[in-house]
Structure formats: C-alpha cells, structure tokens
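Given next are the chains, with one letter for each unit.
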Amino acid sequence: MPELPEVEVVRRGLAHHLTGRRIETVHIHHDRPVRSHPEGAQGFSAEMTGRLVDDVRRRGKYLWLVMGDDALVIHLGMSGQFRINDPADPALRNTRLRFDLDDGSQLRFVDQRMFGGLEVVRDGATCPVPHIAPDPFDPGYDRDRVVATMRRRRSAVKRALLDQGLVSGVGNIYADESLWRSRLHFEHPADLLTQGQAEELLRHAAEVMDEALAAGGTSFDDLYVNVNGESGYFERSLDVYGREDRPCRRCATPIVRRKFTNRSSFLCPSCQTLPRDVRTMV
C-alpha cells in the first residue's frame, strides 16, 4: 500500500495538473470506488461535474481535492493510481473512473484491486479526515505529544508506530526502516521506550520518509507510479525491508523476516534485539 512519500508524490503531480482546472464530465466505469456516495455512481458524477479544483492536499495517506468549501477525499488503497492522459491515449486495464478537464486533458483513476475510494465531503475543505493524526510533515504535528502518548501505549512499538490515530503516514515499509535505524525490535513494548528512544524513532521515521520522497517513493511493482506513470526508486536504498537473507548494512548479519499480525517485519537479528528482561514478556 502506498505510504506517505508515495502519496505525497501523487499529490504533487495532481496539484501541478489539476489546480485551477474545472471538471467538465465524469465517466464511471465501475461503481466500487464511489461506493460511499449516498446517491450512488450517478449522483457522484452529477456532484463532481462542473467542479473547480482549487488545491490538492494530503494528510498521512489520504488526499483530497479542495473544491470551494467541499472536498473530494481519496484513499488509494492497495493499488489505486491517478494518470493524466490525452484523450487519444489508450485506457489502461482496470481504469475505473475518468474525469474530463476543461483544458482537454483527462484524469483517470486506475485500481486493480479496488480497495481505493473517492468520497465527497461537504464543508470538508480544511480537513475532511479529522480521525487521522497529523503526519511528521504537517504544521500541526506535535512530536512531544506523540512521544508522550506512544510511551503510554501497552503494545509493541511497531503497532504504535503504525497507528494512524497517533501519527499518520507510516506504513509497514517505513516502520521497518525506522526501527532498523533506531536499533529497535518491532516487538519492543512501547511503554518501555525511553524518552530518547521514542524521540529517535520518530526522528528516523521523518528522515526516511523525507529521503524516500526525494527519490519519488518506493516501487516494488507497477501498482505504485506517479501521475505520469513513472516509478519511484527508493527501493534500492532500503536497508531492511524486503532484504531477507541479505547482509545487514551495519553488521553483515543476514536480515530475517518475521510474522507481525497479518504482515511481515524485516529486521536484523543482531542489531535489533529485545532487552533481556523483555524477552520473556513477548
């Protein structure tokens, strides 16, 4: 699933192409991406026709188009993509929606697995996703508050880091990368972190996502590309995620893969060990 850097790359591409553009017509090829609209697909199409896009904003992994006082909230899900196309361009397989713009171009939403969604939120232009916490690049982000809250959590540190209600934008890839940089095991209890450990972890989370953003994000396959169809190349800079059996770049110990809830965690078994008094607790 795209995480903050990938979603921010998409946001920048959309902002460049959509700001000041008017949506002339909407064509819905599959109803599922607009399943939350109360009046269904036809109602969504009518709602969006004629709308002027004032801005494109993001919080965590959510995007929204600002349209006056309202917002079109977008979650890309596992495989959602936006493409800016000329009308003559062939449609990609799994194209679900098409927006015809007033400059003659088209915005197309492509989603292979169809977990993505688009929802109109009335009077939501400022922040239509209040249940999502500020991310490390948000002006409203308060690292001290996040540190204090994290250190009260009776859960594994990775679970706390992935909680979008605590700090948004971090997903499985950048959680593993941040934990490796901090030399923390993913099962380390959050409430046993020192102040310094928690601060360092959040600092590394911001740093690694900033580096990924500069590289255009992480692309393991063609399910994540920017609006021009280009892939990010931060994958080659990952230190631990997806590097099972390859040597740790710090100590040369082979990276291992462990189960974590319904996902996987990658870590160095030498650099990222649980404290001795914690091992019997997990």
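Worth saying up front: this structure is predicted, and the values here are computed from it rather than measured.

Asker: Give me the UniProt feature "binding site: DNA" (unreviewed entry) in the protein: which residues, what numbers.
Answerer: As recorded in UniProt, the sites labelled "binding site: DNA" (unreviewed entry) are Arg 113 and Arg 153. Sequence-wise these annotated residues cover 41 residues; spatially they are dispersed, their C-alpha atoms as much as 33.3 Å apart. Among the secondary structure elements, Arg 153 is positioned in the loop between helix H3 (143-150) and helix H4 (157-162). Note on Arg 153: relative accessible area 25%, which makes it partly exposed. Dropping the residues within four chain positions of it, Arg 153 is found in contact with Ala 160, Asp 163, Leu 166, Ala 190 and Asp 191.

Asker: Which residues make up the pairing of strand S5 (residues 80-85), and what are the values?
Answerer: Extensive coverage of S5 is indicated by the burial of six of its six residues. Residues Gly 80, Phe 82 and Ile 84 line one face of S5 and the alternating positions Gln 81, Arg 83 and Asn 85 line the opposite face, and both faces are buried. Looking at chain direction, S5 and strand S7 (residues 106-111) are connected through six bridges and run antiparallel. Of the residues in S7, the one forming a bridge with Asn 85 is Gln 106.

Basis of the calculations
One numbering rule holds for all chains: residues counted from 1, following each sequence as written. A pLDDT threshold of at least 70 governs which residues receive local features in this predicted model, and a stricter bar of 80 or more applies before side-chain atom pairs are shown or counted, although totals over entire chains, interfaces and linings include all residues. With hydrogens and water stripped out, all remaining heavy atoms of the structure feed into the side-chain values. UniProt positions are given in the numbering used here, feature names are shortened, and annotations may be inferred rather than shown by experiment. In this description a helix means any DSSP run of H or I spanning at least four residues, a strand means any run of E spanning at least two, and both kinds are numbered starting from the N terminus. The cut-offs for exposure are 20% and 50% of the maximum accessible area for each residue type, with area from a 1.4 Å probe on protein chains only; residues under the lower value are buried, those over the upper are exposed, and the others partly exposed. Working rule for contacts: check all heavy atoms of both residues, and any pair within 4.5 Å makes them a contact. Here the rule is simple: two strands pair whenever DSSP picks up at least two bridges between them.

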